[in-house]
Amino acid sequence: MSVAVAEAMLAEFEQIEGQMASPEVASDPDRLRSLGRRYAELGRVVRVYRAWKDAKEDLESTREIVAGGGEDAELFKPELAKAEAAMEELDEQLHDALLPRDPDDSRDAILEVKAGEGGEESALFAGDLLGMYLKYAESKGWQTQILGATESDLGGYKVAQVAVKAPNPPEDPADGVWAHLKFEAGVHRVQRVPVTESQGRIHTSAAGVLVFPEVDDPGEVEIAPNDLRIDVYRSSGPGGQSVNTTDSAVRITHVPTGIVVSMQDEKSQHKNREAAMRVLRARLLAAQQEAQAAEEAETRRSQVRTVDRSERIRTYNFPENRISDHRTGYKAYNLDAVLGGDLGPVIDSAREMDEAERMERAGD
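Residues numbered from 1 in each chain as written. Predicted model: local features only at pLDDT ≥ 70, side-chain atom pairs only at ≥ 80, totals over all residues. Heavy atoms only, no water.

### Examining unusual backbone geometry
Piece 1. In this structure, Asn 321 is a non-glycine residue whose phi angle is positive, near 55°.
Piece 2. With respect to the element layout, Asn 321 can be found in the loop between β9 (312-317) and β10 (322-325).
Piece 3. Take Asn 321: its relative accessible area is 24%, and that puts it in the partly exposed class. (Helix = DSSP H or I, 4+ residues; strand = E, 2+ residues; numbered from the N terminus. Buried < 20%, exposed > 50% of the residue type's maximum accessible area, 1.4 Å probe, protein only.)

So, in structure tokens, the structure goes:
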């Protein structure tokens, strides 16, 4: 079964290789990036499978020599042992490479941070989270773009959307932006003394994080023009005061689903509309995947968990400088470093948990 699957993936890999070399695809950046993402995803399996095929041929020829007897057989017995060991190792590698994984892992992502319960303190914490993600992305060599943001009176964020993009499709999908950031979706709780607290009492508030896989080819998500209601209005700043004299802010409503996206960060109505459509496509793709996940719960169980909007996933305790992940049991006393972008070990704990679950399901 594994060999048949690997052969099919090799055939698809070679087909995409030919498509990417065509002038039509080369002149279409969106299509090229979409194919490049799938090409990179297949590449990991193809590399292992080609090595597996070479090792299999080597093992079979060595076995024939040893089975033939004579002086050559004695000389090749040590080689046979090496070939069998190499084959056993590549069997495991091929099995691991073919494990079902999230097909979006190599995608870029759109991350949204929203203030929750706690008023101004929650908005300040949302700003801390946004800064943490921007610094983490920088440490990974990813590019970031603030698509939209609404500031609070004290400089926090009521809501902010940021696009996170890898410069090139990763060779291994596990190195993709979505493969890392998808585990951030959920409710993040903070425990600290708010700047508005005069008596030094510790308060608990929360901010929400939503993460969507970026749609790199607009053709992936069909949006009928008649399904959109587009409103324009004047941008407003903290406290609601008008900050623009023209109707540059854009609100797009996808009527069939009720999804609403608003953008007012740019002074250009065209740019705000473009940013809003990027977020809308990502949300619609996520909605489609969640619907599919509900039908295929076993194969997409981890995906369902990571997009649970109500799940409290992490606590940031400032008095103890402690970070705790409630899904994995991860705990460390370096909160200051984590907020400074050292988020890798926390995310890795979720990735390792997901890997273990996929391995367990594959063995059932």
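### Examining helix α1 (residues 2-20)
Piece 1. With 19 residues, α1 ought to run about 27 Å at 1.5 Å a step, and its terminal C-alpha atoms sit 27 Å apart, in line with that.
Piece 2. Among the residues of α1, those classed as buried are Ala 6, Met 9, Leu 10, Phe 13 and Ile 16. In an axial view of α1, the angular spread of the buried residues amounts to 130°, which keeps them on one side of the axis. In α1, the exposed positions angled more than 90 degrees off the buried face are occupied by Ala 4 and Gln 15.
Piece 3. Against the buried residues of α1 lie α3 (29-67) and α4 (70-97). (Expected span 1.5 Å × (residues − 1). Arc of directions from axis to C-beta. Contact = heavy atoms within 4.5 Å.)

### What to know about the packing of aromatic side chains
Piece 1. According to the stated counting rule, one finds four aromatic pairs in the structure shown.
Piece 2. Each ring, one from Tyr 49 and one from Trp 52, has its centre 5.9 Å from the other, and the planes form 20°; the classification is stacked. Residue Tyr 49 and its partner Trp 52 are both found in helix α3; the two are separated by three residues, about one turn of the helix.
Piece 3. The buried category is assigned to Tyr 49, whose relative accessible area is 2%. (Phe/Tyr/Trp six-rings, centres within 6.5 Å; stacked < 30°, edge-to-face > 60°.)

### Details of the sheet that holds strand β2 (residues 143-151)
Piece 1. Strand order across the open sheet formed by eight strands is β2-β3-β1-β5-β4-β9-β10-β11, with mixed pairing between neighbours. Of all strands in the sheet, those bounded by a partner on one side alone are β2 and β11 (331-332).
Piece 2. Pairing between strand β1 (residues 109-115) and strand β3 (residues 157-165): six bridges, direction antiparallel. Within β3, the residue paired with Lys 114 across the bridge is Val 159. (Pairing = 2+ DSSP bridges.)

### Regarding the sheet that holds strand β7 (residues 249-254)
Piece 1. Taken together, three strands build an open sheet; the order of strands is β6-β7-β8 and the sheet is antiparallel. Edge strands, defined here as strands with exactly one partner in the open sheet, are β6 (228-233) and β8 (259-263). Going from strand to strand, the sheet's axes swing by 15° on average, the running direction of each strand aside.
Piece 2. One ladder, built from six bridges, connects β6 with β7; its direction is antiparallel. Bridging across to β7, Arg 229 finds its partner in Thr 253. (Axes fitted to C-alpha atoms, helices over the stretch in contact; angles between N-to-C directions.)

### Brief notes about the confidence of the model for the protein
Piece 1. The predicted model of the protein averages 85 in pLDDT, with 90% of residues at 70 or higher.
Piece 2. Low pLDDT, under 50, characterises residues 298-309; the predicted model gives this stretch 30 contacts beyond four residues in sequence or across chains. (pLDDT = per-residue confidence, 0-100.)

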